[in-house]
Amino acid sequence: MFEGFDPVNLARFQFAFTVSFHIIFPAFSIGLASYLAVLEGLWLATGKPVYMDTFKYWVKIFAISFGMGVVSGIVMSYQFGTNWSVFSDKTGPVLGPMMGYEVLSAFFLEAGFLGIMLFGQKRVGNGLHFFASLVVAIGTLFSAFWILSVNSWMQTPQGYAIAANGQFIPEDWWAIVFNPSFPYRLVHMVLAAYLTTAFVVGGVGAFHLLRNRYNASARVMFSMALWMAVVVAPLQIVAGDSHGINTLEHQPAKVAAMEGHFETNTDHPMPLTLFGIPNMETARTDYALDIPYLGSLILTHSLDGVVKGLKDFPREDWPDSTVIFWTFRVMVAIGFAMLGIGLWSLVKRFRGTLYESRWLQRAAIVMAPSGFIAVLCGWVTTEMGRQPFTVYGLLRTAESHSPISAPAVGTSLLAFIIVYFLLFGAGTFYILRLMGRAPSPYEEDTPHEPIRTAGLTPAPSLAGPAE
C-alpha cells in the first residue's frame, strides 16, 4: 500500500501529525494553570465566591487537558527511537539531558502537586491548596522552558563540539540552554499560550453571556479574558517582531522563505508581500501583492535595509516557501485580530456596555479557537522553515532517520490517525460538553467560607456530658 512512498516523508508527516495533536494541549494547559492560580488568589484576597466558582468550573477542564497532553507527548518520545534513531544518537549527549531535566524539574513538580490541586481542597488549608496551584502553574512554565530550549538549540545550535563518531557533545551548557534564539522563542510561546487560553475562556464566557448576561462567572471569564487580550496581544506583536529579527540574523533562509523573497534587494528597499503564490520551480512569487519599503522596515527597522533572497543560498538548502509563506501570514493575521478584539472590548468597557455587546460576544466566540490555529501555524513555520535540516546547518533530515521502510511507517501512521481521532476526539468532545454547561453560582464542592486544615479540626468529645 505504501511501497511507492518516501519513508522519510512518511516519518516526517507522522511526527508532524502527533506533535500537532500534542501542542494544542500544553499550549492550553500552560495558560489555564496560570489562570486557575490567579482565580484562587483573587478568591483568597477578596473572599468573593464567584472566583472559586470559576476556578471549580475550569479545573475539571484543566485536568482533562493536562492528561491528554501527557499521553500525547509520550508517543513522540518513542518516535525518536523508532523513526529518528540517527538523530537521537548524534544529538543525544546534548538534547537527552535537557529532556531529562524537563521530566525532573517540571513533570515531577506538576505530578506531585496536581493531586492536591484537584482533590485536596477539603483536606489541606487554603494556603497550601493555593501553593499547590501556583506550583502546578510554575511547573508548566518549567516544561515550556526545557522543551523550547531543546527546540531552540536545534534551530540555533551553540556550545557543542563534534566527536570523532559524529555525535554532538556538550562543551558549554550555558551556551546550549540559553542559545541565541531561546529567549525569543520562550517569550513568544508563553505569550501565545496565555492568549490561546484567554480567547478560549473569553469565548466560553461570551457563549454563556449570550444566554444569560447576569451569570456572574461568565462575566468574570469574559472580563478577565479581554483584559488579557488588551495587555498580552500588543506584547506578543512586539515579541514576534524581536523574534523575527533574531531569526533573520541566525536563519536568514527561513525568513526569505517566509516572505516569499527570492531576489536580494541590493538596489532597492524590500517590499512586503502581503499575498502571492511562491513558486519554488521558477524561484519567484507569482501574483504578488506588494507594499513598497515595508519589508525592509519590518525586518531591518530601516527603509533601505538589505534582506537576502533565497537565491543567495544553495538550492538544496531552501526551505519550502509554498507552505510557510501562508502559515506565517495566518499566524500574524490572527495576532492582529486578537489585538482588534482587545481594543474593541476596551471601548465597550469604558462605555459601560461590555456585557451588553452582543456582537462583541459573538466575535469572541468565533475567535475562541484562534489561538490554537495560530500556535499550529507558528510551529509549522518554525519546523518547516528549519528544513532541510534537523539541526540547522549541521545535520540534514535525510541523514537523521532510522533504517525504516515505507510500509512500516505508513501502517503505524494509519494506526496513529485512527487512535488519535478516537481517543483525543472523545476527550475534546467531553471538554466541549463541560464548556457548554453554564457555570452555576455554587459549583460542586465550592467552599464559600474558610476551610480548617485537616488535623486541626476539633474532634467531637468522646466522653458523655459531665455528671
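To be clear, the structure that these remarks concern was listed above.
Residues numbered from 1 in each chain as written. Predicted model: local features only at pLDDT ≥ 70, side-chain atom pairs only at ≥ 80, totals over all residues. Heavy atoms only, no water.

This part is about the overall build of the protein. The helix and strand inventory of the protein stands at 13 helices and 6 strands. Expected size for 467 residues packed as a compact globule is a radius of gyration near 23 Å; at 25 Å, the protein falls within 12% of this value. Principal-axis analysis of the C-alpha atoms places the extent of the protein at approximately 100 × 55 × 45 Å. Taking the average place of the 27 positive charges on the side chains of the protein and the average place of its 30 negative ones, the gap between the two points comes to 13 Å. (Helix = DSSP H or I, 4+ residues; strand = E, 2+ residues; numbered from the N terminus. Rg over C-alpha atoms; globule rule 2.2 N^0.38 Å. Lys, Arg positive; Asp, Glu negative; His and termini not counted. Charge placed at Lys NZ, Arg CZ, Asp CG, Glu CD.)

The next subject is the side chain of Asn246. Mapping Asn246 onto the fold places it in helix α7 (residues 216–250). Residues contacting Asn246, with those up to four places away along its chain left out, are Pro180, Ser181 and Tyr184. (Contact = heavy atoms within 4.5 Å.)

Our next topic: the packing of helix α1 (residues 7–46) against helix α13 (residues 406–436). Relative to each other, α1 and α13 sit at 15°, their axes nearing to 10 Å. In terms of axis orientation, α1 runs roughly parallel to α13. In this structure, α1 meets α13 at a crossing whose hand is left-handed. Residue-level inspection shows Pro7, Leu10, Ala11, Phe13, Gln14, Phe17, Thr18, Phe21, Phe25 and Phe28 of α1 in contact with α13, the latter providing Ala406, Val409, Gly410, Ser412, Leu413, Phe416, Ile417, Tyr420, Phe421, Phe424, Thr428 and Met435. By residue class, the composition of the contact of α1 with α13 is 17 nonpolar, 5 polar and no charged. (Axes fitted to C-alpha atoms, helices over the stretch in contact; angles between N-to-C directions. Parallel < 35°, antiparallel > 145°, perpendicular 65-115°, else oblique. Left-handed = near helix turned anticlockwise from the far one by under 90°. Nonpolar A, V, L, I, M, F, W, Y, C, P; charged D, E, K, R; others polar.)

Further remarks concern the packing of helix α2 (residues 49–82) against α7. Following both chains from N to C, one finds α2 and α7 inclined at 80°, their axes separated by 9 Å at the closest point. The pairing of α2 with α7 is recorded here as roughly perpendicular in orientation. Only Ala216, Ser217, Val220 and Met221 of α7 make contact with α2, whose side of the interface consists of Val50, Tyr51, Asp53, Thr54, Tyr57 and Trp58. Among the residues forming the contact of α2 with α7, the class breakdown is 7 nonpolar, 2 polar and 1 charged.

Moving on: the pairing of strand β4 (residues 284–291). Pairing analysis gives 6 bridges linking strand β3 (residues 272–279) to β4, with the strands arranged antiparallel. Bridged to Ile277 within β4 is Asp286. Count of turn residues in the β3/β4 antiparallel hairpin: 4 residues, of which Ala283 carries a positive phi of about 55°. (Pairing = 2+ DSSP bridges.)

The next point concerns the packing of aromatic side chains. Under the criterion given, the structure shown has 28 aromatic pairs. On the basis of an interplanar angle of 55° and a centroid distance of 5.2 Å, the ring pair of Tyr101 and Trp146 is categorised as tilted. Within this pair, whereas Tyr101 is found in helix α3 (residues 85–119), its partner Trp146 is found in helix α4 (residues 126–155), the two being separated by 45 residues in sequence. Across the ring face of Trp359, the terminal group of Arg362 is positioned such that the distance to the ring centre comes to 4.8 Å. (Phe/Tyr/Trp six-rings, centres within 6.5 Å; stacked < 30°, edge-to-face > 60°. Lys NZ or Arg CZ within 6 Å of the ring centre and 35° of its normal.)

A grouping of Val71, Ile418, Val419, Leu422 and Leu423 is seen on the molecular surface, where their side chains present a nonpolar patch of about 470 Å² in accessible area. Of the residues forming the nonpolar patch, the biggest block, 4 residues, is contributed by α13. As for its placement among the helices and strands, Val419 is situated in helix α13. (Patch = residues over 30% accessible without salt bridge, like charges linked within 9 Å, V, L, I, M, F, W, Y side chains within 5 Å. Areas by Shrake-Rupley, 256 points an atom, 1.4 Å probe, with all protein chains shown as cover. Salt bridge = Lys/Arg side-chain N within 4 Å of Asp/Glu carboxyl O.)

Quick reminder: α-helices carry 3.6 residues per turn. Residues three or four places apart thus point the same way. Over its 17 residues, helix α12 (residues 370–386) runs 24 Å from end to end, which matches the ideal 24 Å to within 8%, given 1.5 Å per residue. The set of residues buried in α12 consists of Ser370, Gly371, Ala374, Val375, Cys377, Gly378, Thr381, Thr382, Gly385 and Arg386. The buried residues of α12 occupy an angular sector of 165° when projected down its axis, which confines them to one face. (Expected span 1.5 Å × (residues − 1). Buried < 20%, exposed > 50% of the residue type's maximum accessible area, 1.4 Å probe, protein only. Arc of directions from axis to C-beta.)

Residues Leu32, Tyr35, Leu36, Trp58, Ile61, Phe62 and Met435 are the most contacted members of the largest nonpolar core, which totals 39 residues. Taken together, the elements giving at least two residues each to this core come down to α1, α2, α3, α4, α6 (182–211), α7 and α13. Of the residues forming this core, the biggest block, 12 residues, is contributed by α2. Dropping the residues within four chain positions of it, Phe62 is found in contact with Ser29, Leu32, Ala33, Leu36, Leu114, Met117 and Val136. One finds Ala206, Met338, Ile341 and Leu354 within the second-largest nonpolar core, a separate group that totals 23 residues. (Core = buried A, V, L, I, M, F, W, Y, C linked by side-chain atoms within 4.5 Å.)

This part takes up the environment of Asn151. Relative to the helices and strands, Asn151 is located in helix α4. Taking the C-alpha atoms as reference points, Asn151 and Ala256, separated by 105 residues in sequence, lie 21 Å from one another. What Asn151 contacts, discounting residues up to four positions off in sequence, is Arg185, Trp379, Thr382, Glu383 and Arg386. A distance of 2.9 Å separates polar atoms of two side chains, one belonging to Asn151 and the other to Glu383. (Polar contact = N/O pair within 3.5 Å; in protein donor to acceptor, adjacent residues only side chain to side chain.)

That bond from Gln387 to Pro388 is cis: its omega, 15°, falls within 30 degrees of zero. Position of Pro388 relative to the elements: it lies in the loop between α12 and β5 (389–391). The residue Tyr287 is not glycine, and still its phi comes out positive at about 55°. For Tyr287, the location among the structural elements is in strand β4.

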